[in-house]
Amino acid sequence: MPRIYIYKSHRLQWAGHVTQMGDGRRAHKILLGKPEGMHPRDRPEFRWEDNIIRDLKEVDYEGDWKTLTQDRVIWRAYVLAAMNLQVSLCQ
């Protein structure tokens with residue numbers, strides 16, 4: 001399995017874990033923050049949240065992902081769906 005698919009599933013798992021934390025935690029600020037400083041001219045600013053939204057669109061979810069993570073059972077189902085989708089694409 002290509003590494004990019006593993007990274008996507010881990011990113012979704014990490015996002016679910018971090019949203020369960022409090023708002024004052026550093027990881028929570030990194031997840032929802034906007035990048036500061038310089039970036040290459042032709043390169044847009046991507047946030048972690050943008051990548052998570054893109055990963056969830058692949059499994060046909062377009063709602064508010066932060067409220068979805070509050071229900072651990074449903075969130076886990078979406079993470080597993082993303083992992084199964086990625087496995088089927090590799091074969």
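Structure's up top.
Structural notes, computed from the coordinates. Given the structure is predicted, the values throughout are model-derived calculations rather than measurements.

Take helix H3 (residues 48–57) next. Residues of H3 that are buried: Glu49, Asn51, Ile52, Asp55 and Leu56. Considered in projection along H3, the buried side chains sweep an arc of 160° and stay on one side of the axis.

As enumerated under the stated definition, the model contains two aromatic pairs in all. Ring centres of tryptophan 14 and tryptophan 48 lie 5.0 Å apart, and the angle between their planes is 45°; on these two criteria the pair is classed as tilted. Note that tryptophan 14 is positioned in helix H1 (residues 3–19) and tryptophan 48 in helix H3, a separation of 34 residues in sequence. Among the residues examined, tryptophan 48 registers a relative accessible area of 38% and is labelled partly exposed.

On to the pattern of salt bridges, then. This model, assessed by the stated rule, comprises two salt bridges. Here arginine 11 ties to aspartate 55 by a salt bridge, and the two come within 2.9 Å at their closest N and O atoms. Pair noted here: arginine 11 is in helix H1 and aspartate 55 is in helix H3, with a separation of 44 residues, a long-range link. For aspartate 55, a relative accessible area of 1% puts it in the buried group. Glutamate 49 is paired through a salt bridge with lysine 66; the nearest N and O atoms lie 3.2 Å apart. With glutamate 49 in helix H3 and lysine 66 in helix H4 (residues 65–68), this residue pair connects regions lying 17 residues apart in the sequence.

Glancing now at the side chain of threonine 69. Following the sequence through the fold, threonine 69 ends up in the loop between H4 and helix H5 (72–90). Residue classification places threonine 69 among the buried positions, given a relative accessible area of 1%. Among residues more than four places away in sequence, those in contact with threonine 69 are Gly16, Thr19, Gln20 and Trp75.

In this structure, Leu12, Ala15, Leu31, Ile52, Leu56, Trp65 and Trp75 are the most contacted members of the largest nonpolar core, which totals 13 residues. Sorting the residues of this core by element identifies H1, H3, H4 and H5 as the ones contributing at least two each. Not counting residues up to four positions away in its chain, the partners in contact with tryptophan 65 are Ala15, Thr19, Leu31, Leu32, Glu49, Ile52, Ile53, Leu56 and Trp75.

A separate point is the side chain of arginine 11. According to the relative accessible area criterion, arginine 11 is buried, its value standing at 16%. Polar side-chain contacts of arginine 11 include one of 2.9 Å to the side chain of aspartate 55. Arginine 11 has contacts with Trp48, Asn51, Ile52 and Asp55, leaving out every residue within four places of it along the chain.

With phi around 65°, aspartate 60 is a residue other than glycine that occupies positive phi space. Structurally, the position occupied by aspartate 60 is in the loop between H3 and H4.

Analysis parameters
- Residues numbered from 1 in each chain as written.
- Predicted model: local features only at pLDDT ≥ 70, side-chain atom pairs only at ≥ 80, totals over all residues.
- Heavy atoms only, no water.
- Buried < 20%, exposed > 50% of the residue type's maximum accessible area, 1.4 Å probe, protein only.
- Helix = DSSP H or I, 4+ residues; strand = E, 2+ residues; numbered from the N terminus.
- Arc of directions from axis to C-beta.
- Phe/Tyr/Trp six-rings, centres within 6.5 Å; stacked < 30°, edge-to-face > 60°.
- Salt bridge = Lys/Arg side-chain N within 4 Å of Asp/Glu carboxyl O.
- Contact = heavy atoms within 4.5 Å.
- Core = buried A, V, L, I, M, F, W, Y, C linked by side-chain atoms within 4.5 Å.
- Polar contact = N/O pair within 3.5 Å; in protein donor to acceptor, adjacent residues only side chain to side chain.

Don't take any of this as a statement about function, it's just geometry.
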